[in-house]
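# Summary of structural features
One letter stands for each residue in the lines below.
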Amino acid sequence: MFNSNLMPAALQPFAPVHTEAPALPAFSTAADAIAAYSGDDHIYALYPSKIKAAARRFVGRFPGRILFAVKSNPHPEMLKILWEEGVDTFDVASIREMELVSGLFPGAKMYLMHPIKSRATIARAYSLGIRDFSFDHEDELQKIYDCTGEAGDLNLHLRLSLPSGGAVMPLSGKFGAEFDAAVALLKSARPRVKSLGICFHVGSQCLSPGAYDRAISYGRTIVDASGVDIDSVDIGGGFPVAYPDMPVRPMDEYFDAIRSSLIANEFGAVEIIGEPGRALCAEGGATLARIELRKGHDLYLNDGTYGSLFDAGQFAWKFPVTLHRRRPPAPSQFLTGFRFFGPTCDSADTMNGPFPLPSDACEGDWIEIQNLGAYGQTLATQFNGFYSTHTVVITDETL
Ligand SMILES: *Cc1c(COP(=O)(O)O)cnc(C)c1O
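All values reported here derive from a predicted model rather than from experimental measurement. (Residues numbered from 1 in each chain as written. Predicted model: local features only at pLDDT ≥ 70, side-chain atom pairs only at ≥ 80, totals over all residues. Heavy atoms only, no water.)

### Points about the environment of S49
Residue placement: S49 occurs in helix α3 (residues 48–58). The exposure class assigned to S49 is buried, which follows from its relative accessible area of 9%. Once the C-alpha coordinates of S49 and E363 are considered, the two residues, 314 residues apart in sequence, prove to be 31 Å apart. (Helix = DSSP H or I, 4+ residues; strand = E, 2+ residues; numbered from the N terminus. Buried < 20%, exposed > 50% of the residue type's maximum accessible area, 1.4 Å probe, protein only.)

Below you can see the structure in the form of structure tokens.
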């Protein structure tokens, strides 16, 4: 997805993390955070009350162990709030992600669920206490075995490639073993590991609870064909968040569908794992961006698709927006649909929306773009010198 020379910026959130890192500036409202700001960049806002609410929809309700998919938002503040809410296990993919988590929460349980890892990553993971790894190929299985000194205490999770359907962002096609390969891999892995499971990802922003049922039933046919017993089923992430024009079913409907499907497919006695990313962190993060110029119904902002708004550009997602104005007159009551442009000189830095905002929106107004806590800030690059290092906490508990 990204050109390699953009990666250093994407790795930014991993800059030295210490448990004693200075507290982020806190404000009771986004308007206060804007009023206190003298910098020229956009601002990232985290809403602890919304993060806690999302965690409470999962903890104690999801029928199994919850792993937070760290890639969706690795900000230490996000990780700490989720941790305090009882999300104590992490799905990590890289050495930097595992060092971030173990630095913040020494001894925290982590699963390395990237199906394709470097040898150094596997060795580092094992030395950090990780015993859970995913794989989707015989050679990867051998790599895991080699790099852990043929350890006898491995819990391996075979990533299945799923027939697609139900998600706004399908994740099939890159990872996962097809039916016959999966059957063979279960057979060859079984004698070498302490515990063996299957895992899959139905695709991000999965709008159909039935997609989990189809994936679980498909997993059952593979396990039956292999004739081996498995110890766990990891149903991955994909749990959705409501965006404008994209209403979602209540999370409990997903959990009920998953629970019934597990029982119907005779997985009632195995360990169940889920890896939510978006559903835990999307609503708790926002970007505050300033309008630099208005041309008709086009607003030129100081953040865009090379910043936290990648999905608004690439996938034309309509994030919820509100306008904050620092001086009178009050914004118009009438709404107009606007298109956004980001600050870089690339014409791909365009977000078609339309985003409904007061019709007199103008230079100097700030726009709060919500539900960007997942795959927002973490995707931001430093392209063209436009980026922000300013993150604030909004403490309003009524939200
Ligand atoms: C990205 C990812 C997740 C999180 O997905 P969401 O759709 O954000 O819930 C979980 N597991 C794996 C293996 C992933 O790659």
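### Structural notes on the sheet that holds strand β7 (residues 155–159)
Judged by pairing direction, the barrel is parallel, and its eight strands sit side by side in the order β3-β4-β5-β6-β7-β9-β11-β12 before closing back on the first. Taken pair by pair, the neighbouring strands of this sheet meet at an average axis angle of 25°, ignoring direction. Here helix α5 (residues 95–104) sits on the sheet in contact with β4 (89–92) and β5 (109–112), set at roughly 160° to β4. (Pairing = 2+ DSSP bridges. Axes fitted to C-alpha atoms, helices over the stretch in contact; angles between N-to-C directions. Contact = heavy atoms within 4.5 Å.)

### Thoughts on the site of the ligand
Within the structure, the ligand sits among 13 residues, and K71, S204, E275, R278 and Y375 are positioned closest to it. A distance of 2.9 Å separates an oxygen atom of the ligand from a polar backbone atom of G277. Contact between the ligand and Y375: an oxygen atom at 2.6 Å from a side-chain N or O atom of the residue. Alone, the ligand offers 390 Å² of accessible surface; in the complex the protein occludes 90% of this. Here the residues of the shell around the ligand are counted per class, giving three nonpolar, five polar and five charged. (Near = heavy atom within 4 Å. Polar contact = N/O pair within 3.5 Å; in protein donor to acceptor, adjacent residues only side chain to side chain. Areas by Shrake-Rupley, 256 points an atom, 1.4 Å probe, with all protein chains shown as cover. Nonpolar A, V, L, I, M, F, W, Y, C, P; charged D, E, K, R; others polar.)

### Examining the confidence of the model for the protein chain
Averaged over every residue, the pLDDT of the protein chain is 92; the share at 70 or more is 92%. The low-confidence segment residues 1–18, where pLDDT is below 50, has 24 contacts with residues more than four positions distant or belonging to other chains. (pLDDT = per-residue confidence, 0-100.)

### Some thoughts on the domain arrangement of the protein chain
Once the domains are mapped, the protein chain shows domain 1 (48–281) and domain 2 (282–394). One C-alpha centre belongs to domain 1, the other to domain 2; they are set 32 Å apart. Between domain 1 and domain 2, the residue contacts involve 26 residues of the former and 19 residues of the latter. Across the domain 1/domain 2 interface, buried area totals approximately 1,800 Å², and carbon plus sulfur atoms make up 58% of it. Counting every contact that joins domain 1 to domain 2 gives two salt bridges. Of all the secondary structure elements, the ones that give two or more residues to the side of domain 1 that touches domain 2 are α3, α4 (76–84), β8 (167–169), β10 (204–206) and α11 (278–281). No other element matches α3, which puts five residues into the side of domain 1 that touches domain 2. Here the side of domain 1 that touches domain 2 is built from residues that sort into 15 nonpolar, five polar and six charged. (Domains from an automatic or database assignment. Buried area = accessible area lost by both parts, 1.4 Å probe. Salt bridge = Lys/Arg side-chain N within 4 Å of Asp/Glu carboxyl O.)

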